Structures are given as structure tokens and as C-alpha cells.
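Topology and contacts: notes
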2 protein chains.
Amino acid sequence: MRQYEMAELAWQGEEPEGSWADVCLDAVFSCGGWEKAVRGFYAGNGIYKVRFLPERAGKYFWRVTGEIEAEGEAVCEPACCGVWYAGEDPHSGGRPSDRENRCREEMQYDREKCCGGERQYSGGSQYGAEYRKAVSSGSDSRTLRALEGAGHGPVRACGRHFMYEDGTRYTPVGTTVYALAHQPEALIRRTLKTLSEAPFNKVRYCIFPKSYDYNHNEPELFAFHRKPDGTWDVNRPCMEFWEHFERIITELDKMGIQSDLILFHPYDRWGFAELSMEENRIYLDYLLRRLAAFPSVWWSMANEYDLMFQRGISDWYELEEYIAAHDPYGHLLSNHQCIVAYDFGRKNVTHCCLQLRDVNRAKEFSEKYQKPVIYDELAYEGNLPLDWGNISGFELADRLWSLYAQGAYGTHGEVFLSDDEVLWWAKGGILKGESPARIAFLKTVLQEADGPLEAWNLLEFAEPGEGFSVADMLRGVRKDNPLAELYYFGEGPEKDGMFRSPEYAGRYGTQFFLRYFGRTCPGLTTLYLPEDRSYQVEVIDIWEMTKTRAYFGASGKTRIRLPGKEGIAVLATAL
Amino acid sequence: MRQYEMAELAWQGEEPEGSWADVCLDAVFSCGGWEKAVRGFYAGNGIYKVRFLPERAGKYFWRVTGEIEAEGEAVCEPACCGVWYAGEDPHSGGRPSDRENRCREEMQYDREKCCGGERQYSGGSQYGAEYRKAVSSGSDSRTLRALEGAGHGPVRACGRHFMYEDGTRYTPVGTTVYALAHQPEALIRRTLKTLSEAPFNKVRYCIFPKSYDYNHNEPELFAFHRKPDGTWDVNRPCMEFWEHFERIITELDKMGIQSDLILFHPYDRWGFAELSMEENRIYLDYLLRRLAAFPSVWWSMANEYDLMFQRGISDWYELEEYIAAHDPYGHLLSNHQCIVAYDFGRKNVTHCCLQLRDVNRAKEFSEKYQKPVIYDELAYEGNLPLDWGNISGFELADRLWSLYAQGAYGTHGEVFLSDDEVLWWAKGGILKGESPARIAFLKTVLQEADGPLEAWNLLEFAEPGEGFSVADMLRGVRKDNPLAELYYFGEGPEKDGMFRSPEYAGRYGTQFFLRYFGRTCPGLTTLYLPEDRSYQVEVIDIWEMTKTRAYFGASGKTRIRLPGKEGIAVLATAL
């Protein structure tokens, strides 16, 4: 087995007598004093499996108890470790580069702190002592097969950004294909082919099928079998479905694409949204046993959790805690809202997952929660009659540039009216819009930074006295001047926006400075760059996807002529 | 003299011994039991004048007392009265058309209520009894000369819209040339020529010169002469300045352009912003004596009143009340802010004058104050480095369409970087931008309506059951569902925007329906038109300035294919 790649142990046994979901199968993997408990699952046809994701290289001893009793050892080789963000071939292999190590150091990467180190898997003890013995076909000692390719481990939140477990930077550039897994195989193939050529490295998609406008087709497979009364039997997972679903996760992972899995959602005509909390727990338990060892999965607790009217907030906290307690790897975890944002301050929540159109609020969430901010839904490129689905390609590109330039993130989606009702956002297929090319271009620009962007206060490197201070301006003001009253005692939108223009500007240390001007059209701007470094300054047209050099060797206060149109950015990179 | 046109009486006398501003010269004009008191002013070179704006036709008796003592009579002929908004020639003459009368009736136009009827001029009594006799050259009886052209009288606020005194609809389509009057004569000529070919019917400009970025030139004339110590002597008005200023008002009026006069502003290097309140009153008194009889003037108390830090809100209320009390004609009166909107609910304030970029807040002001809403500053088309001055022509056209479609109003401005520092917004000159042509097109579209637009609830004419209700949706919801909590108990931006998309839609009765889609790009929309009338439906491209007929004879629920791009509107007009 190889580091950061899922390893799987399988045994032939008897079909469980009771639940196929809640089987007793606990495993412990230990390596040099380090130990991890995981649980196995019933995979159908009398096969029991234990999946494990080795987070470190070395020699592992494992022991499985429960339905199966077995033990053995496995050698885990270090995964290859390319640094794609630095513009190198992700499959070039080798140890982290100097650049990456610097990045890691500067981000003060602390595995224990950032990567769920505090979240301990609770183990299988809660399932009581009544372990049933099953026939084991496993030998005592074997080396697990190595999966193809090599990975970086799960993505972790680190500060306001993301990083793979191995320290490689991860910049989420996602898209949305909600019902990806519930389409005919040919369409899924088509979608995966499109994704192989697209800029995206994360896809949001659902476990349960979706019933909604433009989502009328009946899937072939569901997560469970039905009871005789037609309701779902969460204790009888449909193995074909899960195998099918896992193939998609795996294929995406091979393309470097994370699977942001939506575990619940309200758009349902089959009854999945009506499962009881007990059924939800059984479903989640089985899902976590099967999927948690996939390095590329994220848990998006719901799409529009607040539209599931049969659920209260206490249910969501319970589900959140259940997931966190039963995921041995601490995968990324968040919850997506329609209107009321989830409480991203909760300990188990790793990042802010937002449905929000106003890119000017990224700072609010970023500062409040000190976690990464992803606008996972900011309206889709397309031409639907509904305003969540009819922004232009330019508008979507504009929103994404606005977010990324601040060090926040956003997710693509596409909904063009189509006679065959195959809209990308729901079913995949092909991309028709104008934004993906611009998103690819954005990605290449961001790759020039040696690390993730933090918000750049545009006057940070200016001489004292540059810029504007409301307090200075108000010196000597009359006390009943309305502006002074607002400034000193007021609140509300006028106070919040007082002399403050939206700024889409970020920097990585003093190496990379990016400012995006959005829909404004300045013909001239001034950058305040550090005096002690020399920069190449380029003017970027986000729509034409061009970069035009304005300076080679600029420092300090730098005036730049701009084309005076929408969609312009300036980029300064240290020479 | 003619109805709605300024009449002027003049006498040669002696130079006033004291103040040239605060001279004693009171006049009373009476006509069929109706009486109006006005005040005269000293015009320099021993000339005293009384200006009067006859608001009704008939035979007037007038009597002047004070510096001058004289009386006489004057015949006032009815002004010609075209109805430009109905697409007819404004100079075609004739009585109000049926269409106009209908409009007047439907708007429940009540002169006493809408047009400042409650605001009574306080007369000259406050100036004491010490009238000094001066030599009068006036004869006892003469007919005043008739000015060229014919007018409609002052513009009045009526409900949330505007109307000339004679009942003709007025749709403000303004522009901004702050320092128009403080430029060299050749440039002023150039500006007026530009305006003669532009779509604008209102210009915002200042009495006092402006000192600001791109506003560095020294004007030739100022409103007052200086004292020996260099400070301004408000008691010595500079007659040349006022005559110059009045020529501009008159020339604009001849072109059908209202003068929205800015009486104070903070951008000053000469000391006008530092005048004492007593000096301000003397200045306003003189200004009102001279200018109030011009039918086309509006009083914009300030530009960015809240940036005048030496003034408190009580000062502004005092100035507002002073203006209202000393203006015999009740001209439109408002105040323009930088950050803190003025209290438009005050009795003397006729309309909301806003600096605001968010077109989605028009409804808030309209509903709160039930007065007309003008976004007099919503950022300017141009390419300045500052974000109040660098929106694209499309963005400006988009904001204006968004406002007008709701029945609100907005004002154009333009700031393109230029080596000669002649930026339209400050100095006039020529227009370089792309928005004016689109504004002209907007104006022609609005002229197809028989009256002003009120907000159109898009489901107003839909069958019951169409559309969406949050309350219905939440039926049976769990009490601790976060959306239900927000809906029933919450507040804040999420509550305000709950399932609410910006709607830019207005109608005039059932004759005219306009919906603008802004930056959204629907490929399809549904209009709910009245069942009992038949409509022509057109798809408008605001940028290409095209109208494409979609239906001739549509009624009720009407599905319309749209081009799926930004800047599209649909228009339904009754056949």
C-alpha cells in the first residue's frame, strides 16, 4: 500500500443476519507507535471489507475483529509528491520542493492544529461486546495492493486556505453537477471526459438523486433497497449503487478532482429527505465506513440544509457531530444553506460553504470565522428564467476573480436551457458557457503565486500619509454633523460602507500582488509595492485572457495606465 | 406677460446706502382675488427689479413698496401647453390633450396638496416698517413684455413623480456639470451646444465654484465682491456674476432643461463654505429674490451636505426652512448627501435626492417617503482611478434602466481622464461616453407610456396560485428550523433579501408594462398581463437600442423567448 492512497482488505464470509449497514467489523492499524481505529463494512455477496487510508509511510500492523477476525502487516511506501501549484508536473514525483517547504513554513502549517488532529475517532466500542465470529479467508500476513497513481492525501483547511495532507497547496476551483451519479452511464462518461479537459479540481454532487426543475429523470440505482412497503431500508444498502458511486469518486480523484459530497438535500420525490434521524445515522455510518478512506472526499452535510423543513438546527448539529465522530480521517466538513448560513464557527466545521452572490461579504465571513471561505453557489452561468441561473459568463468570471483576488474561493455552475434537459449543473454532459476558459486562465495566474493569497490592504506598503482616514477628516467636526454622528455612534449599511469601496486585492507575502477592478473601469491606478523588491507588473484582461507587461523592475509607488474597461486586473510578481 | 414665464419690472433709482442684498422692496401681485407677495432686489447701477412668475392667466394688479413705490397692471396670457411626453411637439400649442387630462386625473393631481400649496410666502413684513422712498421711473400702468417661447411652469412633485405646474408630465433625465457656470465663456457655449443635442432635461450645477480634483481653474466671476480684508461681502453681490448665471438658467430653460441649483457644497478653496449662518441667510435671501421667479429652478440645498463639517443638522434645517419660507413659488427642494441621506420626510422637502449606487434600494426610499426618488449621483461613466468615477457606459445605462423601470429616476454624469482637465461632470464641454445615446433611447421608450410608472408586482395580474409564498412554503415547518426562525423572528440582510430577487418592473395602469432584467440573462420569461386587454410585446436590447416585436395581441400569461444576454427588457403596450 502507498501513503495517501486507500488500501482495502476483503474477506469472504456469510451474509449478515441482521442489518447490512451496521455490521461489527473494527480494525486497528498501527505504525511506529501511531495507531488508528477504523471500521469495516459489508460489501454484499458475503464480502466484508476494511478500507484504510495510510497517512504516513512505514510498516503497518493491522488487526480486524468482529464479523471477521484477522491480523497482518502491510508496507506503506511514501507517495510521490509533486507540487502542481508551482507549475510543475503533478506526476513528476520527488520530495516537496524548496518553494513548497517555504510555503508550508510561512503558513505555519501545523498538522495537529489544522488537520483535525484534535478530532479523535471514537472507535467501535459503542457497538457492544457481542462480536460475532465469521469465516475469514484472510491470511495472517500480506502486502496490500497499491492503487494506481499517487496522491497527496486528503485536503485540509489550514488557516483561511487549503492544503493537501502532504503539504501541497490546494486551491479549490470547483464546479457543480448535483445529480452526476444518477445519470445513465453514457452521460456520466461524457461528463467525466468534459471534466478531464476542464479547469475544475472539485465537484459538488449528491449521494441522493435530485427532483427539481430540469431534474425529472429516474435514476437506475439508489443508495438503499426498498422495504416491501416501498419505503427505504437503510439497513439494506444497494451495493451496486455504492460501487457505482465509488467508481466516480475514484475516476475524479485520478483527474485530481475532489469529491465534495452532498449528504442530504431537500429536492426529493423518493423519500430520502424524509428519513428519520435514526435512519440518517445508519446511512451516515455505512457511508463513512465505505467512503472515508477515499482521500478525495469532502462532506457537504447538505445542499440548502435550511430548506429541509422537517429538520431543526439541533438535528444538523447532531448529524455534524456524528460525522465528525465517525470519520477517522477528519475530512473537510461544512454545510450549505439557501438563506441562513450554517454556524461555521463550530469546531467540526472546517470551512465556510456559502450560497451567496455578494462577493463583498467574503471578508465578513473570513474575518468572523478565520476559516477558508468558498462561495459554493454564487449563481450559475446560463439563461434560465430564474435569477439564480442566468448570469453571464462575464459575470461569473467577474465574481470568481473578485473572490480569488481576496483570498476567498468560489464554485462554477452552468445552466443553459436545452431541449434534452441536460443542464451541466444537474446532469453534467458538456460545458457550453464562456466562463470555464476564464476560470482556467484565473488558475494559471494564481499558480504564479508561491502560496495562497491573503487580503491586501492596498496602502500596506505606502508611505505614511498616503490614503484617507475618516477620523482625520472628521477632526474638528461639529458634533451634530450627521456624518460624525454616524461615524461615532451609528450603524447600518451606510456606516458599514462609509467611504469604503469594494477591494478585490490579495498578496502572497511580498512575492505576488493581485488587484482586480471588477466592473469598474479605471484608466489609471497606483500600486504601492514594497520599496525593497523589484517587480514585474502586468495588466490582465480577464475576458480576453491576456497579460500585458506594464513594468519590468517596478518598486514602491507605481502608476499604471489601464485600458478603462470592465474585467481588468493588475499583477505584480517579484523578480 | 405670459403665464409660467418670468416677468420683470425695473426702475432706475439710487444706489442703496447699506446692503445691496437686503434692500426693502416688496411687491404684491393680485389677480381675481388671488394675491402673491414677492420681493425685489437691487440689480446694480441704481437699478431695482421685481421679478414675478404668473401662475395663472388673467389681469394682474401689482404694487411695489420700499426703495421703489409704484403700482400698475399687467395682462397675463395663457401659456401654450404642449404635452411632450405624449410624443407630440412641445411647441404645438393647444390645451392639454385628453390623454394628459386623463393622466392628471389618474394621478389625482391636487395642486394645493402636491405643489407646495401649503407653503405660504411669509411676505416682507419681517424687514420692518422703515421703507425708504426712492425715485421711481415706472409708469402707473404698463403691460410687461412677453418673454420668448412658452413654458409649463415650475416642475412639481406629485406623488412619487413630477409634473409641470400646467399638468404636463415631467420625467427627469438629468446630468451633472457642477462648475458649469464657472468656466470660460467659450466652454460654456460648447457645453450648451452639447446639451442642445443631448437627451437631458435637468442639469445639476453649483452657485459657488468648485475646488477639487480636475477642478483647479479660477473662475472669472464670483457671487459676491470681497471685503478689503479679502473675505466675502455677502452684502455686495457681484451683479455681473448673477447676470451671467441667469443667462445660463434662461438658455437651459429654452432648451427645456431644468436647473437643479446646488446652493452649498464643501469643495471650496475661496471661503464660500466658511460663510457664517447669518451670511448664508443674506446670500439665500438675495438668491431667492433674483432667481425664484425663474420657472425652471430647483433648490438642491447642497452637494454632499454632510461633508460640510462646520455645519450641524440644525443648520441645514434652518437653511431649509429659510428657503421654503422665502421662495414664493415653492420650487422643488431637496438635499444631496455623501453618506447620510437627508431626512426627506420633512415637509419642505419635495423629493429624495440621493447619492447611492445600489439601485435595489430605490423601493426603500420610495415607500418610506412616498415622494419621488432621484439617484442624483450613482457613480459616473468614465475612467478615473476613483470608483465613483469609473463605471462603464453599460453599467450607467444599466443602473438607469433599473431605476426608471421601477418608477424611480437617476442622473447621468461623465468623467473621462483628459489632458485638458475638461471633464463633463465638472466643466462640461463635449460628451465622450456611450451612455447618453442609451439614455435617449430609454427616454423614447418611457414616452410610450401615457403616464409615469409605478412599481409593478409581477404577479399582480397572474391567476391565483402562480408565484411563491414563503409563508406557504413554511407551513408545517419545525420551529427550530433556521429559515423559519429567520422568517418569523429575524432581521438583517438575509431576512431582507429572503427569496427576493431584485425586480426592475413598472407599469402605467394597464396601458404600459416594462420589465428590465439588468445583468441577468434569461433566455425565457413569463409576463402576467391583464386578460382583458390586448398587448404588443417587444423585446428591448438597451445597449443595441433595438426593439423586436415578440407578440402583437398578447393577453394574460405570456411566455417570451429572450436573447439570454445582459441589458434586456420587455415592454408590453396596450393595443
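We now examine the interface of chain B and chain A. Counting residues at the interface gives 48 residues for chain B and 49 residues for chain A. Summing both sides of the interface, chain B and chain A together bury roughly 3800 Å²; the carbon and sulfur share of this comes to 59%. For the interface between chain B and chain A, the tally reads six salt bridges. Applying the counting criterion to the chain B and chain A interface returns 27 residue pairs in polar contact (both at pLDDT 80 or more). Classifying every residue of the side of chain B that touches chain A gives 25 nonpolar, 12 polar and 11 charged.

On to the sheet that holds strand E7 (residues 70–76) of chain A. All names here are of chain A. Judged by pairing direction, the sheet is antiparallel, and its four strands sit side by side in the order E3-E2-E6-E7 without closing on themselves. Each having just a single partner strand, strand E3 (34–39) and E7 make up the two edges of the open sheet. Shown here is a sheet whose adjacent strand axes are inclined to one another by a mean of 20 degrees, direction ignored. Relative to strand E6 (residues 58–66), strand E2 (residues 25–31) runs antiparallel, the two sharing six bridges. Considered in E6, the bridge of Val28 is made with Arg63.

A few words on the relation of the copies chain B and chain A. When chain B is brought onto chain A, the operation consists of a screw motion whose angular component is 180 degrees and whose axial shift is 0.0 Å, with 0.0 Å RMSD remaining. Expressed as an axis order, the relation between the two copies is that of a two-fold axis. The fraction of interface residues of chain B whose copies in chain A are also interface residues reaches 100%, indicating that both copies meet through the same surface.

What follows deals with the pattern of salt bridges. Once the charged atoms of two side chains with opposite charge are near each other, the side chains can pair. According to the stated counting rule, one finds 78 salt bridges over all chains in the structure shown. Note that Asp315(A) is salt-bridged to Arg478(B), the shortest N-O span being 3.0 Å. Residue Asp315(A) is found in helix H6 (residues 313–326), and its partner Arg478(B) is found in the loop between helix H11 (470–473) and helix H12 (482–489); the two belong to separate chains. A residue is classified by how much of its surface remains accessible, and Arg478(B), at 28% relative accessible area, is partly exposed. Here the salt bridges do not stand alone but share partners, grouping Glu395(A), Arg399(A), Arg519(A), Glu566(A), Glu395(B), Arg399(B), Arg519(B) and Glu566(B) into one network.

Regular strands place side chains that alternate from one sheet face to the opposite one. Residues and elements named next belong to chain A. Pairing geometry for E6 and E7, over seven bridges, is antiparallel. Looking at E7, one finds that Arg63 is bridged to Glu71. Here E6 folds back onto E7 in antiparallel fashion, the turn holding three residues.

Residue and element names in this part refer to chain A. Orientation of helix H8 (residues 393–405) relative to helix H10 (residues 435–446), taken along the N-to-C sense of each, is 20 degrees, at an axis distance of 9 Å. On the basis of their axis angle, the class for H8 and H10 is roughly parallel. Every pair of crossing elements has a handedness; the one defined by H8 and H10 is right-handed. On H10, the residues touching Gly393, Leu396, Ala397, Leu400, Trp401 and Tyr404 of H8 are Ser435, Arg438, Ile439, Phe441, Leu442, Val445 and Leu446.

Across chain A, pLDDT averages 88, with 87% of residues at or above 70. For residues 81–149 of chain A, every residue scores under 50 in pLDDT, and the model assigns this stretch 159 contacts once sequence neighbours within four places are set aside.

All names here are of chain B. When you tally the buried positions in strand E5 (residues 47–52), you get five out of six residues, the bulk of the element. Pairing of strand E1 (residues 7–12) with E5 involves six bridges; the strand directions are antiparallel. In the strand pairing of E5, Ala10 is matched with Lys49. Bridging between strand E4 (residues 41–44) and E5 involves three bridges; their strand directions are antiparallel. Looking across to E5, one finds that Gly44 is bridged to Ile47.

Okay, the nonpolar core next. In this structure, Ile207(A) and Trp299(A) are the most contacted members of the largest nonpolar core, which totals 148 residues. By residue number, the principal contributor to this core is helix H5 (residues 277–291) of chain A, which donates eight residues. Setting aside residues up to four positions removed in sequence, Ile207(A) forms contacts with His182(A), Phe241(A), Trp242(A), Phe245(A), Leu261(A), Ile262(A), Leu263(A), Tyr283(A), Leu287(A) and Leu291(A). Residues Tyr48(B), Met239(B), Leu400(B) and Leu442(B) belong to the second largest nonpolar core, which totals 147 residues.

On to the packing of aromatic side chains, then. Residue and element names in this part refer to chain A. In this structure the tally under the stated criterion is 104 aromatic pairs over all chains. Summarising the aromatic geometry, the rings of Tyr42 and Tyr48 are spaced 5.0 Å apart at their centres and angled 55 degrees between planes, so their arrangement reads as tilted. The exposure class of Tyr48 is buried, given its relative accessible area of 0%. When the ring of Phe264 is compared with that of Tyr283, the centres are 5.5 Å apart and the planes differ by 85 degrees; the resulting orientation is edge-to-face.

What counts and what doesn't
The written sequence of each chain sets the order in which its residues are numbered from 1. For naming, the first written chain is A and the first written ligand is 1, with later ones following in the order written. At least 70 in pLDDT is required for a residue's local features to be given in this predicted model, at least 80 for side-chain atom pairs to be given and counted, and no such filter applies to totals for whole chains, interfaces and linings, which use all residues. Side-chain metrics in this entry use all non-hydrogen atoms of the structure; hydrogen atoms and water are not considered. Residues are treated as being in contact if the distance between any of their heavy atoms lies within 4.5 Å. Note on definitions: buried area is the accessible-area loss of two parts on being combined, 1.4 Å probe, summed for both. Here, a salt bridge means any side-chain nitrogen of Lys or Arg that lies within 4 Å of a carboxyl oxygen of Asp or Glu. Within 3.5 Å is the distance limit for a polar contact, defined as a pair of N or O atoms, with the added protein rule that one can donate a hydrogen and the other accept it, and that residues adjacent in sequence qualify only through two side-chain atoms. Note that Gly is not counted as nonpolar here; it falls among the polar residues with everything else outside the nonpolar set of Ala, Val, Leu, Ile, Met, Phe, Trp, Tyr, Cys and Pro and the charged set of Asp, Glu, Lys and Arg. Here the rule is simple: two strands pair whenever DSSP picks up at least two bridges between them. Working definition: helices are DSSP H or I runs of at least four residues, strands are E runs of at least two. Numbering for both runs from the N terminus. Helix axes are fitted to C-alpha atoms over the stretch in contact, other axes to C-alpha atoms as well, and angles between N-to-C directions run from 0 to 180 degrees. Here the copies are matched by least squares. The fit uses the C-alpha atoms of residues with pLDDT of at least 70 in both. Relative accessible area decides the class of each residue, using a 1.4 Å probe on protein chains only: under 20% of the type maximum gives buried, over 50% gives exposed, and in between gives partly exposed. Oblique is the label for every angle not falling under 35 degrees (roughly parallel), over 145 degrees (roughly antiparallel), or within 65 to 115 degrees (roughly perpendicular). Handedness of a crossing is defined here by the sense of rotation of the near helix relative to the far one, left-handed for an anticlockwise turn of less than a right angle and right-handed for a clockwise turn. The predictor reports its confidence for every residue as pLDDT, a score running from 0 up to 100. The term nonpolar core refers to a set of buried residues drawn from Ala, Val, Leu, Ile, Met, Phe, Trp, Tyr and Cys, joined through side-chain atoms within 4.5 Å. Two rings belonging to Phe, Tyr or Trp (six-membered ring only in the last case) form a pair when the distance between their centres is within 6.5 Å. Interplanar angles under 30 degrees mark stacking, angles over 60 mark edge-to-face geometry, and anything in between is tilted.

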